[in-house]
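Structural description and commentary
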Amino acid sequence: MATRHDTAAPPAKEGGAAPGRPPVVPTEAEQRHRARLSRRWQRDKRWSPYAFVSPFFLLFLAFGLFPLIYTGWASLHQVELTAPTDMTWVGMRNYTRIFDDDFFWNAAKNTLTIGIISTVPQLLMAMGLAHILNYKLRASTFYRVAMLAPYATSIAAASLVFVLLFGRDYGMINWALHFAGIDAIDWQNDKWPSQIAVSSIVIWRWTGYNALIYLAAMQAIPQDLYESAALDGASRWKQFLHVTLPSLRPTILFTVVVSTIGASQVFGEPLLFDANKGASGGAEHQFQTLGLYLYEQGWVNQHLGRASAIAWTMFLILILIGIVNYVISRRLRASS
Amino acid sequence: MTTTTTTAKPVEPEDAVPTARKVRRPKSARAGGQMHGGPIAYIVLGVFTIVSLFPLVWTAIAASRDNNRLAQNPPPFQFGSNLFHNLDLAWNDANLGKAFVNTTIVAGTSAATIVFLSTIAGFAFAKLRFRGRGALMLIVIGTMMVPPQLSIIPLYMMVAKLEWTDQLQAVILPSLVSAFGVFFMRQYLIQALPDEIIEAARVDGASSWRVVWHVVFPAARPAMAVLGMLMFVQTWNDFLWPFLVLSQTGNPTVQVAVAGLGRGYTPDQSLIMAGALLGTLPLLLVFAIFGKQIVGGIMQGAVKG
């Protein structure tokens, strides 16, 4: 794009912005000055957008992309926490080592099950809540704020509270369950109960947040879609099925992706839920997630190279999930 | 919820006024279109409100008891008399004074920087035309999909090399960037900032920076406040990265300090709960005051354009 002086100057004559001002013939010096100004103006207009977006990209390169790639590089080396700068090339050995490790597969399985039992009920409940909140209600702001209060609670505080609530002998949840005739459950040491307990912390913190995101999307659905559906004789349930859900598809996809990423990273909850405060995720590794396994390998066993291999495996799994998600959503779109 | 799911009855036009109102009221054809929620809606919401708030109330109750009285059946539901004693102990035990100062510095710096950078970048994406805009915006959205935790190992090596372990800049620097923030400000500025105002400023000869200072920032102020609060909450609650680079007693953030309370052979539960309460209280206060704006902000950021 060449600098065009003629269009850069404000069109005083055509616009009528300055009516009645007699045309002034500028002197040569003034013309040069104007040309310089307009060149500067053009330059500013052309480059300032890049100046505005570059800090984001520079920071992302430095603290997001570069470390991610470097993690891949480190995963091919033997690196110890004690001397993080000494790297010895070992090729794929870190990967074969972790794939041979039963604890890796255990952690992968736990991450998957905890991910499912925390994400699925969470998003379903959020959807139901959003639907209810979409009605005209008294004090609706109060419910929204109250539901979001767990989001303001940190993982650390929430996990510690839930440890107490899920206590075997004096925990409130077992106490409440005994009224239903259920014997005390060992929430920390039994496999499924402990995974459910860890998931419940996630569910508690994020359901309200997701409900608000669904609610926002629901409020953006044009009302006449419902009106015409109602005129066609669609029941409330049918309206929800055939108007609300299809309109929410992009939002649902978004929350599924975000929750999946979150679920693959679960770390603080199982770390703090452990009575022994170790990184093993319970005495039998019954709720050790991949995030916790990564921490154990890197910071407890001090093998940063192996931890990097775990990180990259997690990343590849996420990409895979992303592709599957994309394919499914395309299928859905094509079929509808 | 209570109104039955009957389909639209044919409404006779210009009928007698009372019947017309009766027929019309429950239908979505009514002006505004929003349906009233019935008792079931209130019951469900009530249950969820209790479930949401109960653990927080219980934290306060547990923090006010003494440890022996906490281990009992049924669990105590009333406040005890030890609250201030426990808060005092937790405060000193976990170095919470320092932790609060640290967390305020970290969260404040991060939130302010994110808001500033997100506003200028969001403005460029919303209102300026430049080559590669669409592709760059796609990259921004794409970066939201990259989990930041997967970068911790090189970051840790970097911090170790720079000898920044236990120093706050190690926590602050990686948290200065937020793709969500850019996306959020873009969404807001697209509709909140009319193109004519920018054009008018440009015709008056304002440079891009002047436009940002005198037009964009004033227009974006409400969204900047909301984004600032969201980012403050997020950074305040960050756990994994501060946990890795900061020690639990030397120079912790609040979350790291609170997490450290549970250690030891016979952890004092009410002490832990007092620490958890102290760590959560400031944010709950922010929520009590600005909850409505924060809710609005999350909902605003959720809608795509």
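Definitions and cut-offs
Residues numbered from 1 in each chain as written. Chains lettered and ligands numbered in written order. Predicted model: local features only at pLDDT ≥ 70, side-chain atom pairs only at ≥ 80, totals over all residues. Heavy atoms only, no water. UniProt positions renumbered as here; feature names shortened; annotations may be inferred. Helix = DSSP H or I, 4+ residues; strand = E, 2+ residues; numbered from the N terminus. Rg over C-alpha atoms; globule rule 2.2 N^0.38 Å. Buried < 20%, exposed > 50% of the residue type's maximum accessible area, 1.4 Å probe, protein only. Contact = heavy atoms within 4.5 Å. Lys, Arg positive; Asp, Glu negative; His and termini not counted. Charge placed at Lys NZ, Arg CZ, Asp CG, Glu CD. Buried area = accessible area lost by both parts, 1.4 Å probe. Salt bridge = Lys/Arg side-chain N within 4 Å of Asp/Glu carboxyl O. Polar contact = N/O pair within 3.5 Å; in protein donor to acceptor, adjacent residues only side chain to side chain. Nonpolar A, V, L, I, M, F, W, Y, C, P; charged D, E, K, R; others polar. Core = buried A, V, L, I, M, F, W, Y, C linked by side-chain atoms within 4.5 Å.

The name an unreviewed UniProt entry gives chain B is Cellobiose transport system permease protein, with Streptomyces rishiriensis as the organism. The annotation that UniProt attaches to chain B under Subcellular location (unreviewed entry) is "Cell membrane".

Within chain A, the regular secondary structure consists of 14 helices and two strands. By the compact-globule yardstick of 20 Å for 336 residues, chain A is too spread out, its C-alpha radius of gyration being 29 Å. The burial tally for chain A puts 51% of its 336 residues in the buried class. Long-range contacts, defined as pairs at least 24 residues apart, comprise 66% of the intrachain contacts of chain A with a sequence gap of at least 6. Distance between charge centroids for chain A: 15 Å, based on 28 positive and 21 negative side chains.

Counting residues at the interface gives 97 residues for chain A and 111 residues for chain B. Buried surface at the junction of chain A and chain B, both sides included, amounts to about 9400 Å², of which 77% is carbon and sulfur. Along the contact surface separating chain A from chain B lie one salt bridge. The closest approach of N and O atoms between Arg 202 of chain B and Asp 44 of chain A, which form a salt bridge, is 3.0 Å. Our enumeration of links across chain A and chain B arrives at 11 residue pairs in polar contact (both at pLDDT 80 or more). Looking at the side of chain A that touches chain B element by element, the count peaks at 19 residues for helix 3 (residues 28-74) of chain A. Class assignment of the residues belonging to the side of chain A that touches chain B gives a composition of 71 nonpolar, 16 polar and 10 charged.

Structurally, Leu 272 of chain A is set in helix 12 (residues 268-273). Along the sequence, Leu 272 of chain A and Val 243 of chain A sit 29 residues apart, while their C-alpha atoms lie 42 Å from each other. Apart from residues no more than four positions distant in its own chain, Leu 272 of chain A is found in contact with Ile 155, Ala 156, Ser 159, Val 163 and Lys 277 of chain A together with Phe 239 and Ala 259 of chain B.

This next bit is on the nonpolar core. By size, the foremost hydrophobic cluster in this structure holds 162 residues, and its most contacted members are Trp 299 of chain A together with Phe 123 of chain B. Setting aside anything within four residues of it in sequence, one finds Phe 123 of chain B in contact with Phe 52 of chain A together with Leu 128, Leu 189, Leu 193, Ile 198, Val 211, Val 212 and Val 216 of chain B. Grouped together as the second largest cluster of nonpolar side chains are 14 residues, Ala 149, Phe 162, Val 163 and Ala 197 of chain A included.

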